[in-house]
Amino acid sequence: MKILQSNAGVLTNYEVLALFRSRGAGKDPTCVIAAVAPSEFKVYDYLEQTVASHQTIEIIHKFVEDCEKYDLAKGVMLNIVNIRPSSAVEIDPLIQDCD
Amino acid sequence: MFVMSEIEHTLRLPPHLLNRPLNVAIKGELESLFLDKVIGKLGLCVSVYDILSIDGGFIFPGDGASTYTAKFRLVMFRPYVGEVISARLEESTKDGLRLSLGFFNDIYVPVPLMPNPYHIEPDPEHKNGIKWIWEYMGENYPIDWTDEIRFSVHSVNYPPLPIEQGKDSEQKDSEEKGLRQKDIKPFAPMVITVSQQLCCYYGLLK
């Protein structure tokens, strides 16, 4: 086994959820017929409980465009997309030197 | 939380899969090889994203199966230092907390990284359990089993495989990929240590 590229791209929670949904994870309650393995189902169940289940790709694109003027680090933007803080209390630990 | 990694691997396709389309058969083999396994420095493999190329198809003498070299991308669970994740409490002892994500249960909050100041009291419901209570501005916020705990990743470690006598036959199978071994104490191939500074703020929201 050879590792060609250990980091070929970071994925938001939403993108991984969309990958599982495209394979039919959400439609089958018995989890047998879809092309999704049981271990993948656990990840799918976890992601369904996060805010990613309510996001769309347009929302994320728009967010990234809007944030350009703030010059945030990529990791901070990823944190915000995955967590969706709804108050100042939640944002403060995510960003250093928040004002 | 999730990263894509590009891997090249030479795999043997068993003959009973010859009636399937090549892509499907190779994807199935890769899934059985990599899914739900920890690869050193890359993280926990969650899913096969796609297959970029398949080469080879050679049959070695004396073998009934063909060997392919495939390049593919895997979705790996590998949080970076400073990432914020929410999880559930799984175990609460005097050494700290253990949190679970459902698909990954080895997230530890050691005592030095617990929110300060705090006090502890023995938990009547669980054997050897300790209830942690955070004190902030005169209020007490106990860390309960029903809370969703938000934490920031402090470090990610991949402890080396334990080498024990009497397990030599299993060692050959688990060299590079860091497979889980059934020991007397469960061995964790990937351990995430987190700091719970954030839990402080979450308690204020309740």
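By the naming in an unreviewed UniProt entry, chain B goes by DNA-directed RNA polymerase subunit and is assigned to Olea europaea subsp. europaea. Within the UniProt record for chain B, the comment given under Sequence similarities (unreviewed entry) is "Belongs to the eukaryotic RPB7/RPC8 RNA polymerase subunit family." In UniProt, chain B has this text filed under Function (unreviewed entry): "DNA-dependent RNA polymerase which catalyzes the transcription of DNA into RNA using the four ribonucleoside triphosphates as substrates."

Looking up chain A in an unreviewed UniProt entry gives the name DNA-directed RNA polymerase III subunit RPC9, with the organism given as Olea europaea subsp. europaea. Heading Subcellular location (unreviewed entry) of the UniProt record for chain A holds this comment: "Nucleus". Database annotation for chain A, UniProt heading Sequence similarities (unreviewed entry): "Belongs to the eukaryotic RPC9 RNA polymerase subunit family."

**Student:** Even after reading the chapter, I still don't get the interface of chain B and chain A, so can you show me in this structure?
**Tutor:** Often, the extent of an interface is quoted as the loss of accessible area upon association of its parts. With 37 residues of chain B at the interface, the matching set in chain A holds 34 residues. Note on chain B versus chain A: buried area summed over both sides is about 3,200 Å², and carbon and sulfur give 61% of it. Sorting the residues of chain B by area buried against chain A places B:Phe2, B:Met4 and B:Glu6 first, and these three jointly supply 18% of that buried surface. At the junction of chain B with chain A, the criterion picks out 0 salt bridges.

**Student:** Sorry if this is basic, but what is going on with the pairing of strand β6 (residues 96-100) of chain B here?
**Tutor:** Side-chain positions along a regular strand alternate between the two faces of the sheet. Residue and element names in this part refer to chain B. When you tally the buried positions in β6, you get 5 out of 5 residues, the bulk of the element. Of the pairings in the sheet, the one linking strand β5 (residues 84-93) to β6 comprises 5 bridges and is antiparallel in character. Across the sheet, residue Leu89 finds its bridge partner in β6, namely Leu99. The turn joining β5 and β6, which pair antiparallel and follow one another in sequence, is formed by 2 residues. Where β6 meets strand β7 (residues 107-110), 4 bridges bridge the pair, whose relative direction is antiparallel. Across the sheet, residue Arg98 finds its bridge partner in β7, namely Tyr108. Count of turn residues in the β6/β7 antiparallel hairpin: 6 residues, of which Gly102 carries a positive phi of about 95°.

**Student:** Any chance you could explain the confidence of the model for chain B here in plain terms?
**Tutor:** Regions with low pLDDT carry predicted coordinates that are not meant to be interpreted in detail. Residues and elements named next belong to chain B. Per-residue pLDDT for chain B has a mean of 75; in total, 73% of the residues score no lower than 70. Contacts of residues 165-185 to residues separated by more than four positions or lying in other chains number 29 contacts, the stretch itself having pLDDT below 50. The low-confidence segment residues 199-206 (pLDDT under 50) makes 17 contacts with residues lying over four places distant or belonging to another chain. Among the scores for the predicted complex, ipTM is 0.81 and pTM is 0.77.

**Student:** Just to check I follow, could you spell out the domain arrangement of chain A for this structure?
**Tutor:** Residue and element names in this part refer to chain A. For chain A, the domain assignment lists domain 1 (13-54) and domain 2 (57-94). Facing the 4 residues of domain 1 at the interface are 7 residues of domain 2. With both sides pooled, the region where domain 1 packs onto domain 2 buries about 520 Å², and carbon together with sulfur makes up 56% of that total. Among the residues domain 1 hides against domain 2, the three largest losses belong to Asn13, Tyr14 and Val51. Together they make up 79% of the total. On inspection of domain 1 and its partner domain 2, the count reaches 0 salt bridges. Here domain 1 and domain 2 share 1 residue pair in polar contact (both at pLDDT 80 or more) between them. Partitioned by chemical class, the residues of the side of domain 1 that touches domain 2 number 2 nonpolar, 2 polar and no charged.

Reading guide: rules and limits
Residues numbered from 1 in each chain as written. Chains lettered and ligands numbered in written order. Predicted model: local features only at pLDDT ≥ 70, side-chain atom pairs only at ≥ 80, totals over all residues. Heavy atoms only, no water. UniProt positions renumbered as here; feature names shortened; annotations may be inferred. Contact = heavy atoms within 4.5 Å. Buried area = accessible area lost by both parts, 1.4 Å probe. Salt bridge = Lys/Arg side-chain N within 4 Å of Asp/Glu carboxyl O. Buried < 20%, exposed > 50% of the residue type's maximum accessible area, 1.4 Å probe, protein only. Helix = DSSP H or I, 4+ residues; strand = E, 2+ residues; numbered from the N terminus. Pairing = 2+ DSSP bridges. pLDDT = per-residue confidence, 0-100. Domains from an automatic or database assignment. Polar contact = N/O pair within 3.5 Å; in protein donor to acceptor, adjacent residues only side chain to side chain. Nonpolar A, V, L, I, M, F, W, Y, C, P; charged D, E, K, R; others polar.

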